[in-house]
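Overview (structure and organization)
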Amino acid sequence: DGGDTASKIDHPAFWQMLDDKKIRVYTIGLSYAMKDYMPGIGIAGDRILSSVARANNGRFLFASTSAELGAFYRTISDELHRKSVYYIKPSVAPGLGQLTVRSTGERIAKMSSPRIELILDASGSMRETKKRIDGKLKIDLARDVLAELVKDLPDDAGIALRVYGHRIREGQKGDCEDSQLLVPFGKTDKANLLKQINGIKALGTTPLAYSVAQAAKDFGDGDGEKVVVLVTDGEEECGGQLKEVVAGLRQQGVNLRFNVVGFALGDEAVKADMRDAASAGGGNFFDAQNREGLKEALKQALATPFDVLDAAGTVIAKGLIDGERIAVPQGVYDIAIRAAGGELTVHGVRIVFDRTTGVELKKEGETVGVNIVTP
């Protein structure tokens, strides 16, 4: 019912606040004094109240006496309770953006003790002198890389090691069942792991399907995801069907993630078969052609995966924490991180066309902090 005499914010800042915060204001001017010109601000009070209301679709009401106020309150109340009509304007994403997920602090995979079984190819092809890489036998390179990997493992990592083709020469009786669990699951003993790795000799054939079926038994009946990483330089040589074995285990309810590292594979058809088997096992195929490639492939095979989910919960992209950038259509998504101890979901990650969005995860104890770096 009067002029502005005590505001602590000036008028330009007030209008900027209304615009920035999109505040809808209902104003009521009471008595004809509101129509008087105010020299301090160069306008009448009812004009200011009207402009404030119009700024963000509010309403200005003028009452000459207080008897009219009850009707005004009911009008405002009815308007606030009225059903609203919204219009949705869809637009096609102009293209792909990029997404990276990085971890700092403790390893995200340690949300609980993950269990990973490595299956190493020690068939005769791994010691072929005509197929040396950087002057070394493939089995020697594989041992070196595995030894480096073991040294970098956390002390509480649950790692088992199975090797095939290392005891019986190809063509001899029992060669297609030559698959041995050298290091079972248990308390991590790096010294023993390194001793077993360094003692592996390449000799026999390649029973892939049989080895994976045995590996599934090595985990026992415990809960949680069972991660199998197969390192091979060749295809199945014992008549087994790797893809069918992996798919069958998952159909039986085995919570299996199956990754394949193809080491110096040259046949594209074999690569395609390995890729299909990994996909059937909910994992990935990694193509390694040299020592550094094998090291990076094993690092990625042991990394924690994540899914990019749209609003309907459909997986539209997959990636690895601390892995390569992945392409994602512009939009807003949830990131589901499939760590061993359960799923962690990061909501509302915005992907922008032709730009990179980063998700940073910092694990400290049982808490995971999330920082989304949006372009």
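Shown above is the structure to which this text applies.
Residues numbered from 1 in each chain as written. Predicted model: local features only at pLDDT ≥ 70, side-chain atom pairs only at ≥ 80, totals over all residues. Heavy atoms only, no water.

Once that is clear, we can look at the pattern of salt bridges. Two side chains carrying opposite charge are able to pair once their charged atoms lie near each other. Counted according to the given criterion, the structure contains 16 salt bridges. A salt bridge links Arg143 to Asp140, with the nearest nitrogen and oxygen atoms 2.3 Å apart. Highlighted residues: Arg143 and Asp140, both in helix 4 (residues 138-152), separated by three residues, approximately one helical turn. Given the relative accessible area of 14%, Arg143 is considered buried. (Salt bridge = Lys/Arg side-chain N within 4 Å of Asp/Glu carboxyl O. Helix = DSSP H or I, 4+ residues; strand = E, 2+ residues; numbered from the N terminus. Buried < 20%, exposed > 50% of the residue type's maximum accessible area, 1.4 Å probe, protein only.)

Before going further, it helps to spend a moment on the side chain of Ser211. Relative to the elements of secondary structure, Ser211 occurs in helix 6 (residues 208-218). Taking the relative accessible area as the measure of exposure, Ser211 reaches 0% and is therefore buried.

Our next topic: the nonpolar core. In this structure, Leu118, Leu161, Ile200, Val229, Val261, Leu294 and Leu298 are the most contacted members of the largest nonpolar core, which totals 41 residues. The greatest single-element share of this core, amounting to eight residues, is contributed by helix 4. Core analysis: the next-biggest nonpolar cluster, separate from the first, contains 23 residues, Leu242, Leu249, Val270 and Phe285 among them. (Core = buried A, V, L, I, M, F, W, Y, C linked by side-chain atoms within 4.5 Å.)

Aromatic ring pairs: the centre-centre distance and the angle between the two ring planes describe each pair. Within this structure, the stated rule accounts for three aromatic pairs. A centroid spacing of 5.5 Å and a plane angle of 65° characterise the contact between Phe14 and Trp15, whose relative ring orientation is edge-to-face. Ring centres of Phe185 and Phe219 lie 4.8 Å apart, and the angle between their planes is 40°; on these two criteria the pair is classed as tilted. Remark: Phe219 occurs in the loop between helix 6 and strand 9 (226-232) and Phe185 occurs in the loop between strand 8 (179-183) and helix 5 (190-198); sequence separation between them is 34 residues. Neither Phe185 nor Phe219 differs from the other in exposure class; each is buried. A cation sits over an aromatic face here: Lys35 above Phe62, 4.4 Å from the ring centre. Cation over ring: Arg115 sits above Phe185, and NZ or CZ is 5.1 Å from the ring centre. (Phe/Tyr/Trp six-rings, centres within 6.5 Å; stacked < 30°, edge-to-face > 60°. Lys NZ or Arg CZ within 6 Å of the ring centre and 35° of its normal.)

As far as function goes, none of this settles anything; it's purely spatial.
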